[in-house]
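Chain by chain, the residues run as shown.
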Amino acid sequence: DTGVSQDPRHKITKRGQNVTFRCDPISEHNRLYWYRQTLGQGPEFLTYFQNEAQLEKSRLLSDRFSAERPKGSFSTLEIQRTEQGDSAMYLCASPTDEQFFGPGTRLTVL
Amino acid sequence: AQSVTQPDIHITVSEGASLELRCNYSYGATPYLFWYVQSPGQGLQLLLKYFSGDTLVQGIKGFEAEFKRSQSSFNLRKPSVHWSDAAEYFCAVAGGNTGNQFYFGTGTSLTVIP
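Quick summary incoming for the structure in this document. Just so you know, these numbers come straight off a predicted model, no measurement behind them.

Enumeration according to the criterion identifies 7 salt bridges over all chains in this entry. Salt-bridge contacts for R64 of chain A lead to E83 of chain A; the nearest nitrogen and oxygen are separated by 3.4 Å. Remark: E83 of chain A occurs in the loop between strand 8 (75-79) and strand 9 (88-95) and R64 of chain A occurs in the loop between strand 6 (53-57) and strand 7 (65-68); sequence separation between them is 19 residues. Using a relative accessible area of 10% as the deciding quantity, one classes R64 of chain A as buried. According to the relative accessible area criterion, E83 of chain A is partly exposed, its value standing at 40%. Of the charged contacts, one joins R22 of chain B and D8 of chain B as a salt bridge, the two residues approaching to 2.8 Å between their closest N and O atoms. Residue R22 of chain B is located in the loop between strand 3 (19-21) and strand 4 (24-26), and its partner D8 of chain B is located in the loop between strand 1 (3-5) and strand 2 (10-14); the two are separated by 14 residues in the primary sequence. With a relative accessible area of 18%, D8 of chain B lands in the buried category. Three or more residues are tied together by salt bridges with common partners; here these are R64, E83 and D86 of chain A.

Below, the structure is given as structure tokens:
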């Protein structure tokens, strides 16, 4: 257990629905990352927060994706109008000089 | 731009045999390098990391890796593989300040046969 938690662990949704995932990082860590991992691939960077500020966003993060970290603690990742191509594992990481990963949320879009 | 290449998609070794997983990186400055392991249904676990100093780094579970700047490589090794080592292994590189993006390779899947 790295101390990073994610909820839910699994989410099945129908295409076109909105979904929201939550990440609770290690409490004293002020940085937080979101990654996406598809089958047979390594994690791909989505976005990065320093406290409540979203400092970087990957071009993978289309306008259907939005992430927030309102109080610099937990973060949410929302996907609107889900598509089948959004099916993946969504990972949250809370780094110091290494990335401490949460268990991930596996999204299946039917 | 930073990138990581893991040339071997899948490797099969016999239990007790030695193991080497290859990783090549592309980065202009001194890289921060990592190896992670992911077992089925489990999260990513750090095996070892290299920031500076001794180019041979020791990690958990008997793994080690050697940083070779001239070859832009950071290969992972284990002298004797156990069946429980069967998993997906990812090499990653981070920026010099360790605060920005981590770039992961596509992973190497390890199968261990009795």
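Here we take up the sheet that holds strand 3 (residues 19-24) of chain A. In sheet architecture, strand pairing relies on hydrogen bonds along the backbone and comes in two forms, parallel and antiparallel. All names here are of chain A. One open sheet accounts for 4 strands, arranged 1-3-8-7; its pairing is antiparallel. Strands at the two margins of the open sheet, each flanked by one partner only, are strand 1 (5-7) and strand 7. For this sheet, the mean angle separating the axes of adjacent strands, direction not counted, is 15°. Alignment of strand 1 against strand 3, held across 3 bridges, turns out to be antiparallel. Bridge pairing in strand 3 links D7 to R22.

Counting residues at the interface gives 18 residues for chain B, matched by 19 residues for chain A. Taken together, the two surfaces of chain B and chain A that pack against each other cover about 1500 Å², and 49% of this comes from carbon and sulfur. Broken down residue by residue, the surface that chain B buries against chain A is led by L44, Q101 and F102 of chain B, which jointly contribute 30%. The interface formed by chain B and chain A holds 0 salt bridges in total.

Next up on the list: the packing of aromatic side chains. All chains considered together, the criterion is met by 20 aromatic pairs over all chains. Aromatic pair Y33 of chain A and Y48 of chain A: ring centres 4.7 Å apart, planes at 25°, arrangement stacked. Here Y33 of chain A, found in strand 4 (residues 31-37), pairs with Y48 of chain A, found in strand 5 (residues 44-50); they are 15 residues apart in sequence, far enough to count as distant. For the pair formed by Y33 of chain A and Y48 of chain A, the shared burial category is buried. Among the aromatic residues, ring-to-ring pairing joins Y33, Y35, F45, Y48 and F101 of chain A together with Y32, F34, Y36, F51, F102 and F104 of chain B into one connected group. Positioned above the aromatic ring of F74 of chain A is the side chain of R22 of chain A, whose terminal nitrogen or guanidinium carbon lies 3.9 Å from the ring centre.

Definitions and limits used
- Residues numbered from 1 in each chain as written.
- Chains lettered and ligands numbered in written order.
- Predicted model: local features only at pLDDT ≥ 70, side-chain atom pairs only at ≥ 80, totals over all residues.
- Heavy atoms only, no water.
- Salt bridge = Lys/Arg side-chain N within 4 Å of Asp/Glu carboxyl O.
- Helix = DSSP H or I, 4+ residues; strand = E, 2+ residues; numbered from the N terminus.
- Buried < 20%, exposed > 50% of the residue type's maximum accessible area, 1.4 Å probe, protein only.
- Pairing = 2+ DSSP bridges.
- Axes fitted to C-alpha atoms, helices over the stretch in contact; angles between N-to-C directions.
- Contact = heavy atoms within 4.5 Å.
- Buried area = accessible area lost by both parts, 1.4 Å probe.
- Phe/Tyr/Trp six-rings, centres within 6.5 Å; stacked < 30°, edge-to-face > 60°.
- Lys NZ or Arg CZ within 6 Å of the ring centre and 35° of its normal.

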